[in-house]
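For reference, the chains in residue letters:
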Amino acid sequence: MPSTEAVSAVNRFGLGARPGELAGIGDARAWLDAQLRSDASRAAFSGLPSSLDYLRRETEYLEQRRQSKRSGENAQAKQMKIGQLYRQSLMKELGRRYQVAVASENGFVERLVRFWSNHFAISVDKRQAALYAAPMEREAIRPNVLGSFSDLLLAVETHPGMLRYLDNVRSVGTDSRYAERMRKRAAKQANGKPKREPGLNENLAREILELHTLGVDGGYTQGDVTELARAITGWGVPLPQDWKRGTPRSSFVFRTAAHEEGTRELLGKRYPESGETQGRAILSDLSLHPATARHLAYKLARHFVSDDPPVALVDRLANAWQRSEGDLPTVYRALIESPQAWSPAARKFKTPDDFLVSALRALDMPPTDNPRMSMGLLTRMGQPPFTPRSPAGFADDAAQWSGPDALWKRVQAASSIADAAPAERADPLAVARNLFAGSLDGETMTALRRAESPRDGLALLIASPAFQWRT
């Protein structure tokens, strides 16, 4: 009989048990630790377009639309083609993402990928970023989720998804060479002003400090936000003129002419002018700051253990962060070695995404490349993929997801999932044994035995209170 720690390993730390998975776990902590030497399933995403590919295709479609407008042709067809690119690409990306999540044997690593993806949230309802949220997860987060936070932070902040979502592609140093050229050009025009005055955009800098590193109480000032924004002016993506000169080598471009030159002072430290390197140096220091360690230790403890995590656990993770200089596997190991993480009181209410993925894993039902049913269920339950509508990401507490209407929608979703389950998986008692290894409460077991049909029993199991929690 699998141990209660094995049940917690696959449910609390992972994405839920797959058929037969619990039986293969001996030492639960060693099983989790072994996953920290995996490759985060990057190979499973081979064949999908890179962000650079998406930038090229988007640029081509926009150029075609501009040419159609100039020639008097119907530009609406070109606009529809761009919209089709967004929709088809997103569905293909999501299909692969959920296939990996449902089939993965490294559920702990997959949960870590999802944690960091929500921490560095992008919302695809902003059209400029719509193509790049899923690629950012597989290009910036997956390769670095088992590395250093410094590398992870830099990869995210230089990715076109984040640069576009938080408008850094439009940020221009007020005294930069580009801004000066624009002012001179405007002076020659009749009205003396350019159509849009180039200037500083602080959105990305603010969220780096408030959300991605130090936290809202991390001790920074508005002056620090402005200084960071100036340091990362010029950080952007290839523009149409870049493609006319040939294929860019990277989806990240540093535009020297748009950069605000000069020494920057942030959190009491001075950073001499060094172009692109100046912003990189600031990010490196932010990744090691004690406030960052504390902020992210709290978020990790809250995500894996409880909505109100024990102070001792947060302290332990923050100390591991600082001792290792942000080495993420060291922090993860501190988590799985902590007694508080295995306490019977430790549990988390599943988000809709957790709920769906754990149900599909329990029934061995990976979605297809066109996962419309899964996406429809997530939208109805209030968590459409990559659409938190805020840089803060989706909420990570029970209060957000456990209201009466939300629970009723889960009951409806459970019925839909049970109806779609393959016949060989429609045995609720067998699924319960695979998920809970004999620890399921007697009341739920009785309800499963009395169900009118196997699929009714399966729906009851998926909708049961026991299934709603990562325990």
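A. Structural view of the overall build of the protein. Counting its regular elements, the protein contains 23 helices and six strands. For 471 residues, the compact-globule estimate of 2.2 N^0.38 gives 23 Å, and the protein sits close to it at 24 Å. With the principal axes as the frame, the protein shows a C-alpha extent of 85 × 60 × 40 Å. Every one of the 471 residues in the protein was classed for burial, and the buried ones make up 54%. Restricting the contact set of the protein to residue pairs at least 6 apart, pairs at least 24 apart contribute 73%.

B. Focus on the pattern of salt bridges. Scanning the model with the defined rule gives 31 salt bridges in all. Counted as one network, the salt bridges with shared partners bring together Arg18, Asp364 and Arg425.

C. Main features of the packing of aromatic side chains. The tally for this structure, following the rule as stated, stands at 15 aromatic pairs. Measuring from ring centre to ring centre gives 6.3 Å for phenylalanine 394 and tryptophan 401, while their planes differ by 50°; the resulting arrangement is tilted. Taking the relative accessible area as the measure of exposure, phenylalanine 394 reaches 15% and is therefore buried. The ring of tryptophan 469 is capped by arginine 347, whose NZ or CZ atom sits 3.7 Å from the centre of that ring.

D. Quick peek at helix 3 (residues 51–71). If you check helix 3, its first and last C-alpha atoms are 30 Å apart, about what 21 residues at 1.5 Å a residue would give, namely 30 Å. Inspection of helix 3 places Ser51, Leu52, Tyr54, Leu55, Glu58, Thr59, Tyr61 and Ser68 among the buried residues, and these make up the whole buried set.

E. Geometry of the packing of helix 7 (residues 149–157) against helix 13 (residues 276–288). At their nearest, the axes of helix 7 and helix 13 sit 9 Å apart, and the two run at 135° to each other. The angle between the axes of helix 7 and helix 13 places the two elements in the oblique class. In this structure, the crossing between helix 7 and helix 13 has a hand that is right-handed. Two secondary-structure elements touch here, helix 7 through Phe149, Ser150, Leu153, Leu154 and Glu157 and helix 13 through Arg280, Leu283, Ser284 and Ser287. Broken down by class, the residue content of the contact of helix 7 with helix 13 amounts to four nonpolar, three polar and two charged.

F. A look at the environment of leucine 62. With respect to the helices, strands and loops of the structure, leucine 62 is situated in helix 3. Spatially, the C-alpha atoms of leucine 62 and proline 240 are 9.3 Å apart, while their sequence positions differ by 178 residues.

G. Broad picture of unusual backbone geometry. A positive phi is found at leucine 267, a non-glycine position, where the angle reads about 55°. Tracing the backbone through its elements, the reader meets leucine 267 in the loop between strand 3 (264–266) and strand 4 (269–271). When its relative accessible area of 31% is taken as the criterion, leucine 267 is described as partly exposed. Residue phenylalanine 386 is not a glycine yet carries a positive backbone phi of 55°. Locating phenylalanine 386 in the fold gives a position in the loop between helix 18 (372–380) and helix 19 (398–401).

Reading the values: the criteria
- Residues numbered from 1 in each chain as written.
- Predicted model: local features only at pLDDT ≥ 70, side-chain atom pairs only at ≥ 80, totals over all residues.
- Heavy atoms only, no water.
- Helix = DSSP H or I, 4+ residues; strand = E, 2+ residues; numbered from the N terminus.
- Rg over C-alpha atoms; globule rule 2.2 N^0.38 Å.
- Buried < 20%, exposed > 50% of the residue type's maximum accessible area, 1.4 Å probe, protein only.
- Contact = heavy atoms within 4.5 Å.
- Salt bridge = Lys/Arg side-chain N within 4 Å of Asp/Glu carboxyl O.
- Phe/Tyr/Trp six-rings, centres within 6.5 Å; stacked < 30°, edge-to-face > 60°.
- Lys NZ or Arg CZ within 6 Å of the ring centre and 35° of its normal.
- Expected span 1.5 Å × (residues − 1).
- Axes fitted to C-alpha atoms, helices over the stretch in contact; angles between N-to-C directions.
- Parallel < 35°, antiparallel > 145°, perpendicular 65-115°, else oblique.
- Left-handed = near helix turned anticlockwise from the far one by under 90°.
- Nonpolar A, V, L, I, M, F, W, Y, C, P; charged D, E, K, R; others polar.

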